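Reading the structure
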Amino acid sequence: RPLFISFSGGARPGWDCLFIEEGGEGAPEPFLPAEPPAEVRAQPKALEALARRCFSVDALRPGQAEAVQALLEGRDVAALLPTGSGKSLIFHLAALLRPGVGVVVEPLLSIIEDQRRTLALQGITAVGAFGSPEATSALSAGRLILAFASPERFAAQGFRTALRAAAEGAGVGFVAVDEAHCVSGWGHDFRPAFLSVGRRARRWAEGPSGEPPLAALTGTATRAQLGEAVSELGLRRPISVARSLARPELSFVVERCGAGEHLPRLRRWLSRHPGARFGPGLIFCGTVDGRLGAAAV
(Lines give C-alpha, C1' and ligand atoms only; values in the text may rest on other atoms or scores of the structure.)
Protein backbone atom coordinates (compact mmCIF):
# COMPACT_ATOMS: atom_id res chain seq x y z
CA ARG A 1 0.00 0.00 0.00
CA PRO A 2 1.22 3.56 -0.55
CA LEU A 3 2.87 5.19 2.44
CA PHE A 4 2.48 8.91 3.19
CA ILE A 5 5.39 10.26 5.25
CA SER A 6 4.59 13.44 7.15
CA PHE A 7 6.92 15.77 9.04
CA SER A 8 4.06 18.08 9.99
CA GLY A 9 1.36 15.79 11.35
CA GLY A 10 -0.84 15.90 8.24
CA ALA A 11 -2.52 12.70 7.07
CA ARG A 12 -3.62 11.52 3.63
CA PRO A 13 -6.96 9.66 3.64
CA GLY A 14 -6.76 6.08 2.41
CA TRP A 15 -2.96 5.86 2.84
CA ASP A 16 -0.81 4.36 5.55
CA CYS A 17 0.59 7.44 7.31
CA LEU A 18 4.00 7.62 8.96
CA PHE A 19 4.43 10.62 11.27
CA ILE A 20 8.00 11.64 11.96
CA GLU A 21 9.26 13.98 14.66
CA GLU A 22 12.75 15.38 14.26
CA GLY A 23 14.95 16.74 17.01
CA GLY A 24 18.49 16.84 18.33
CA GLU A 25 20.07 14.18 20.51
CA GLY A 26 17.66 11.58 21.71
CA ALA A 27 15.09 12.31 19.01
CA PRO A 28 12.09 9.99 19.31
CA GLU A 29 11.59 7.08 16.99
CA PRO A 30 8.98 7.45 14.21
CA PHE A 31 5.52 6.72 15.51
CA LEU A 32 2.10 5.87 14.12
CA PRO A 33 -0.60 7.61 16.16
CA ALA A 34 -4.13 6.33 16.03
CA GLU A 35 -5.49 9.76 15.04
CA PRO A 36 -3.52 12.52 13.27
CA PRO A 37 -3.61 16.03 14.75
CA ALA A 38 -6.59 18.09 13.59
CA GLU A 39 -4.43 21.09 12.63
CA VAL A 40 -1.43 20.81 10.36
CA ARG A 41 1.43 23.06 11.43
CA ALA A 42 5.07 23.31 10.47
CA GLN A 43 7.64 25.53 12.13
CA PRO A 44 9.81 27.70 9.84
CA LYS A 45 12.92 25.70 10.78
CA ALA A 46 11.13 22.47 9.88
CA LEU A 47 10.06 23.96 6.54
CA GLU A 48 13.63 25.02 5.85
CA ALA A 49 14.85 21.51 6.67
CA LEU A 50 12.35 20.03 4.21
CA ALA A 51 13.26 22.60 1.53
CA ARG A 52 16.94 21.81 2.02
CA ARG A 53 16.35 18.07 1.88
CA CYS A 54 13.95 17.96 -1.07
CA PHE A 55 14.85 21.04 -3.13
CA SER A 56 18.47 21.84 -2.18
CA VAL A 57 17.40 25.25 -0.87
CA ASP A 58 19.73 26.73 1.73
CA ALA A 59 17.16 28.98 3.37
CA LEU A 60 13.61 30.17 2.84
CA ARG A 61 13.12 33.71 1.59
CA PRO A 62 10.84 36.27 3.26
CA GLY A 63 7.18 35.42 2.83
CA GLN A 64 7.62 31.78 1.80
CA ALA A 65 7.15 30.16 5.22
CA GLU A 66 4.19 32.44 5.99
CA ALA A 67 2.43 31.50 2.74
CA VAL A 68 3.09 27.78 3.16
CA GLN A 69 1.82 27.84 6.74
CA ALA A 70 -1.37 29.60 5.67
CA LEU A 71 -2.11 26.89 3.10
CA LEU A 72 -1.37 24.17 5.67
CA GLU A 73 -3.92 25.79 7.96
CA GLY A 74 -6.49 25.83 5.16
CA ARG A 75 -6.41 29.61 4.66
CA ASP A 76 -6.45 31.48 1.35
CA VAL A 77 -3.25 33.24 0.28
CA ALA A 78 -2.48 36.25 -1.92
CA ALA A 79 1.25 36.46 -2.66
CA LEU A 80 3.01 39.24 -4.55
CA LEU A 81 6.66 38.22 -4.75
CA PRO A 82 9.19 39.39 -7.34
CA THR A 83 10.23 37.01 -10.08
CA GLY A 84 12.96 34.70 -8.81
CA SER A 85 11.92 34.92 -5.16
CA GLY A 86 10.52 31.40 -4.96
CA LYS A 87 6.77 31.48 -5.58
CA SER A 88 6.85 27.90 -6.89
CA LEU A 89 8.49 26.62 -3.73
CA ILE A 90 5.40 27.73 -1.79
CA PHE A 91 3.09 25.27 -3.51
CA HIS A 92 5.83 22.63 -3.80
CA LEU A 93 6.28 22.54 -0.02
CA ALA A 94 2.56 22.80 0.67
CA ALA A 95 1.91 19.84 -1.64
CA LEU A 96 4.41 17.68 0.25
CA LEU A 97 2.91 18.56 3.63
CA ARG A 98 -0.82 19.09 3.15
CA PRO A 99 -2.98 15.99 2.69
CA GLY A 100 -4.50 15.54 -0.75
CA VAL A 101 -3.38 16.61 -4.20
CA GLY A 102 -2.30 20.19 -4.80
CA VAL A 103 -3.81 21.64 -7.99
CA VAL A 104 -1.79 24.39 -9.68
CA VAL A 105 -3.24 26.51 -12.50
CA GLU A 106 -0.63 27.74 -14.98
CA PRO A 107 -1.19 29.87 -18.11
CA LEU A 108 1.45 28.21 -20.33
CA LEU A 109 2.34 24.62 -21.17
CA SER A 110 6.02 25.60 -21.16
CA ILE A 111 5.74 26.63 -17.50
CA ILE A 112 4.04 23.33 -16.65
CA GLU A 113 6.76 21.30 -18.39
CA ASP A 114 9.46 23.33 -16.63
CA GLN A 115 7.77 22.63 -13.28
CA ARG A 116 7.61 18.90 -14.04
CA ARG A 117 11.29 18.78 -15.02
CA THR A 118 12.35 20.70 -11.93
CA LEU A 119 10.40 18.39 -9.62
CA ALA A 120 11.61 15.25 -11.41
CA LEU A 121 15.23 16.33 -10.88
CA GLN A 122 14.48 16.31 -7.15
CA GLY A 123 12.92 12.85 -7.35
CA ILE A 124 9.30 14.07 -7.11
CA THR A 125 7.51 12.28 -9.93
CA ALA A 126 3.91 11.93 -8.69
CA VAL A 127 3.07 14.98 -10.79
CA GLY A 128 0.42 15.21 -13.50
CA ALA A 129 0.11 17.65 -16.38
CA PHE A 130 -3.34 17.65 -17.88
CA GLY A 131 -4.02 16.70 -21.41
CA SER A 132 -3.10 13.01 -21.14
CA PRO A 133 -5.39 10.10 -20.13
CA GLU A 134 -2.69 8.87 -17.74
CA ALA A 135 -2.77 12.10 -15.74
CA THR A 136 -6.57 12.06 -15.58
CA SER A 137 -6.56 8.49 -14.30
CA ALA A 138 -3.86 9.24 -11.73
CA LEU A 139 -5.79 12.26 -10.45
CA SER A 140 -9.00 10.27 -10.10
CA ALA A 141 -7.19 7.54 -8.18
CA GLY A 142 -5.48 9.99 -5.81
CA ARG A 143 -1.97 9.02 -6.92
CA LEU A 144 -0.71 12.57 -7.50
CA ILE A 145 1.00 15.01 -5.17
CA LEU A 146 0.69 17.88 -7.65
CA ALA A 147 -1.58 18.34 -10.66
CA PHE A 148 -0.86 21.14 -13.15
CA ALA A 149 -3.60 22.41 -15.45
CA SER A 150 -4.39 25.38 -17.66
CA PRO A 151 -7.41 27.52 -16.67
CA GLU A 152 -9.28 26.27 -19.75
CA ARG A 153 -8.98 22.72 -18.42
CA PHE A 154 -11.58 23.51 -15.73
CA ALA A 155 -14.18 23.74 -18.50
CA ALA A 156 -13.42 20.17 -19.65
CA GLN A 157 -15.81 17.58 -18.26
CA GLY A 158 -13.12 14.87 -18.06
CA PHE A 159 -10.89 17.00 -15.86
CA ARG A 160 -13.74 18.12 -13.64
CA THR A 161 -14.88 14.51 -13.15
CA ALA A 162 -11.34 13.47 -12.20
CA LEU A 163 -11.02 16.44 -9.84
CA ARG A 164 -14.34 15.53 -8.22
CA ALA A 165 -13.17 11.92 -7.73
CA ALA A 166 -9.91 13.15 -6.18
CA ALA A 167 -11.80 15.50 -3.86
CA GLU A 168 -14.06 12.70 -2.62
CA GLY A 169 -11.14 10.27 -2.28
CA ALA A 170 -7.65 11.39 -1.31
CA GLY A 171 -8.82 15.01 -1.21
CA VAL A 172 -7.64 18.24 -2.82
CA GLY A 173 -5.20 19.99 -0.52
CA PHE A 174 -5.30 23.39 -2.20
CA VAL A 175 -5.72 25.14 -5.54
CA ALA A 176 -2.99 27.62 -6.48
CA VAL A 177 -3.34 30.07 -9.35
CA ASP A 178 0.16 30.91 -10.56
CA GLU A 179 0.77 34.05 -12.64
CA ALA A 180 -2.42 35.43 -11.10
CA HIS A 181 -1.99 38.75 -12.91
CA CYS A 182 -3.59 36.95 -15.88
CA VAL A 183 -6.88 37.28 -13.99
CA SER A 184 -6.73 41.07 -14.18
CA GLY A 185 -8.27 42.83 -17.13
CA TRP A 186 -5.68 45.58 -16.59
CA GLY A 187 -2.82 43.29 -17.58
CA HIS A 188 -1.53 42.48 -21.06
CA ASP A 189 -1.65 38.74 -20.25
CA PHE A 190 -5.37 38.75 -19.40
CA ARG A 191 -7.01 35.34 -19.89
CA PRO A 192 -10.85 35.22 -19.59
CA ALA A 193 -10.71 31.55 -18.52
CA PHE A 194 -9.02 32.59 -15.27
CA LEU A 195 -12.15 34.48 -14.19
CA SER A 196 -14.08 31.26 -13.46
CA VAL A 197 -11.23 29.26 -11.92
CA GLY A 198 -11.98 30.21 -8.31
CA ARG A 199 -15.69 29.43 -8.57
CA ARG A 200 -15.11 26.14 -10.37
CA ALA A 201 -12.33 25.10 -8.01
CA ARG A 202 -14.53 25.67 -4.97
CA ARG A 203 -17.28 23.59 -6.55
CA TRP A 204 -15.36 20.67 -8.05
CA ALA A 205 -12.57 20.36 -5.48
CA GLU A 206 -14.75 20.42 -2.37
CA GLY A 207 -14.36 17.26 -0.31
CA PRO A 208 -15.75 15.79 2.90
CA SER A 209 -13.67 18.23 4.95
CA GLY A 210 -14.88 21.25 3.00
CA GLU A 211 -13.50 23.51 0.30
CA PRO A 212 -9.76 23.64 -0.32
CA PRO A 213 -7.86 26.88 0.28
CA LEU A 214 -7.07 29.01 -2.77
CA ALA A 215 -3.81 30.81 -3.46
CA ALA A 216 -3.11 33.60 -5.94
CA LEU A 217 0.58 34.10 -6.72
CA THR A 218 2.23 36.62 -9.01
CA GLY A 219 5.49 38.48 -9.45
CA THR A 220 4.46 41.00 -12.09
CA ALA A 221 1.20 42.57 -10.90
CA THR A 222 0.64 45.86 -9.18
CA ARG A 223 -1.15 45.76 -5.85
CA ALA A 224 -4.29 46.97 -7.64
CA GLN A 225 -4.07 44.10 -10.13
CA LEU A 226 -3.52 41.60 -7.35
CA GLY A 227 -6.53 43.02 -5.54
CA GLU A 228 -8.64 42.52 -8.66
CA ALA A 229 -7.37 38.94 -8.98
CA VAL A 230 -8.26 38.26 -5.33
CA SER A 231 -11.78 39.55 -5.95
CA GLU A 232 -12.30 37.68 -9.23
CA LEU A 233 -10.98 34.40 -7.81
CA GLY A 234 -13.18 34.73 -4.73
CA LEU A 235 -10.44 34.49 -2.12
CA ARG A 236 -11.83 34.78 1.41
CA ARG A 237 -9.91 36.87 3.95
CA PRO A 238 -6.60 35.78 2.41
CA ILE A 239 -3.26 35.99 4.14
CA SER A 240 -1.39 38.68 2.21
CA VAL A 241 2.30 38.16 1.51
CA ALA A 242 4.00 40.96 -0.43
CA ARG A 243 7.54 42.07 -1.07
CA SER A 244 8.93 45.04 -2.94
CA LEU A 245 9.29 44.34 -6.65
CA ALA A 246 12.48 46.44 -6.77
CA ARG A 247 15.42 44.52 -8.30
CA PRO A 248 18.60 46.37 -7.27
CA GLU A 249 20.76 43.70 -8.91
CA LEU A 250 19.42 44.69 -12.34
CA SER A 251 20.59 47.70 -14.32
CA PHE A 252 19.72 49.08 -17.74
CA VAL A 253 21.63 51.13 -20.29
CA VAL A 254 19.99 52.91 -23.22
CA GLU A 255 21.98 53.79 -26.34
CA ARG A 256 20.44 56.11 -28.89
CA CYS A 257 21.04 55.06 -32.50
CA GLY A 258 20.84 57.35 -35.49
CA ALA A 259 19.56 56.33 -38.90
CA GLY A 260 21.39 53.30 -40.22
CA GLU A 261 23.26 52.64 -36.94
CA HIS A 262 21.04 49.95 -35.44
CA LEU A 263 22.43 46.83 -37.11
CA PRO A 264 26.12 47.88 -36.99
CA ARG A 265 25.71 48.73 -33.30
CA LEU A 266 24.06 45.36 -32.68
CA ARG A 267 26.93 43.57 -34.46
CA ARG A 268 29.44 45.31 -32.21
CA TRP A 269 27.50 44.28 -29.12
CA LEU A 270 27.33 40.65 -30.23
CA SER A 271 31.02 40.50 -31.08
CA ARG A 272 32.47 42.66 -28.30
CA HIS A 273 33.93 39.54 -26.65
CA PRO A 274 35.51 37.47 -29.44
CA GLY A 275 34.74 33.78 -29.17
CA ALA A 276 32.03 34.19 -26.54
CA ARG A 277 28.61 35.75 -26.19
CA PHE A 278 28.25 38.84 -24.04
CA GLY A 279 25.68 36.99 -21.90
CA PRO A 280 21.96 36.23 -21.93
CA GLY A 281 20.08 38.86 -23.84
CA LEU A 282 16.84 39.86 -25.53
CA ILE A 283 16.53 41.69 -28.83
CA PHE A 284 13.15 43.31 -29.39
CA CYS A 285 11.99 43.77 -32.98
CA GLY A 286 8.89 45.67 -33.98
CA THR A 287 8.19 43.52 -37.04
CA VAL A 288 9.12 40.18 -38.58
CA ASP A 289 10.16 41.45 -42.04
CA GLY A 290 11.85 44.64 -43.13
CA ARG A 291 15.28 46.14 -42.58
CA LEU A 292 15.00 46.05 -38.77
CA GLY A 293 12.63 43.09 -38.56
CA ALA A 294 13.36 39.89 -36.67
CA ALA A 295 14.45 38.05 -39.84
CA ALA A 296 17.10 40.66 -40.70
CA VAL A 297 18.28 40.98 -37.11
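Residues numbered from 1 in each chain as written. Predicted model: local features only at pLDDT ≥ 70, side-chain atom pairs only at ≥ 80, totals over all residues. Heavy atoms only, no water.

A word on the nonpolar core. Counting residues in hydrophobic clusters, the biggest one holds 37 residues, and the most contacted among them are Phe55, Leu93, Leu146, Phe148 and Phe174. Filtering out sequence-adjacent residues up to four positions away, Phe148 remains in contact with Phe91, Val104, Glu106, Ile112, Gln115, Leu119, Val127, Gly128, Ala129 and Phe130. Membership of the second largest hydrophobic core comes to 36 residues, among which are Leu144, Phe159, Ala205 and Leu235. (Core = buried A, V, L, I, M, F, W, Y, C linked by side-chain atoms within 4.5 Å. Buried < 20%, exposed > 50% of the residue type's maximum accessible area, 1.4 Å probe, protein only. Contact = heavy atoms within 4.5 Å.)

To continue, consider the pairing of strand β9 (residues 239-242). The alternating pattern of β9 places Ile239 and Val241 on a buried face, while none of Ser240 and Ala242, on the opposite face, is buried. Across 4 bridges, strand β3 (residues 77-80) lies against β9 in parallel orientation. Residue Ala78 lies in a different strand from β9, and its bridge partner there is Ser240. (Helix = DSSP H or I, 4+ residues; strand = E, 2+ residues; numbered from the N terminus. Pairing = 2+ DSSP bridges.)

Further remarks concern the packing of helix α5 (residues 133-140) against helix α6 (residues 157-168). Between α5 and α6, the shortest axis-to-axis distance is 7 Å and the interhelical angle comes to 25°. When the interaxial angle is binned, α5 and α6 end up roughly parallel. Across the interface between the two elements, Thr136, Leu139 and Ser140 from α5 touch Gly158, Phe159, Ala162, Leu163, Ala165 and Ala166 from α6. Split into classes, the residues belonging to the contact of α5 with α6 amount to 6 nonpolar, 3 polar and no charged. (Axes fitted to C-alpha atoms, helices over the stretch in contact; angles between N-to-C directions. Parallel < 35°, antiparallel > 145°, perpendicular 65-115°, else oblique. Nonpolar A, V, L, I, M, F, W, Y, C, P; charged D, E, K, R; others polar.)

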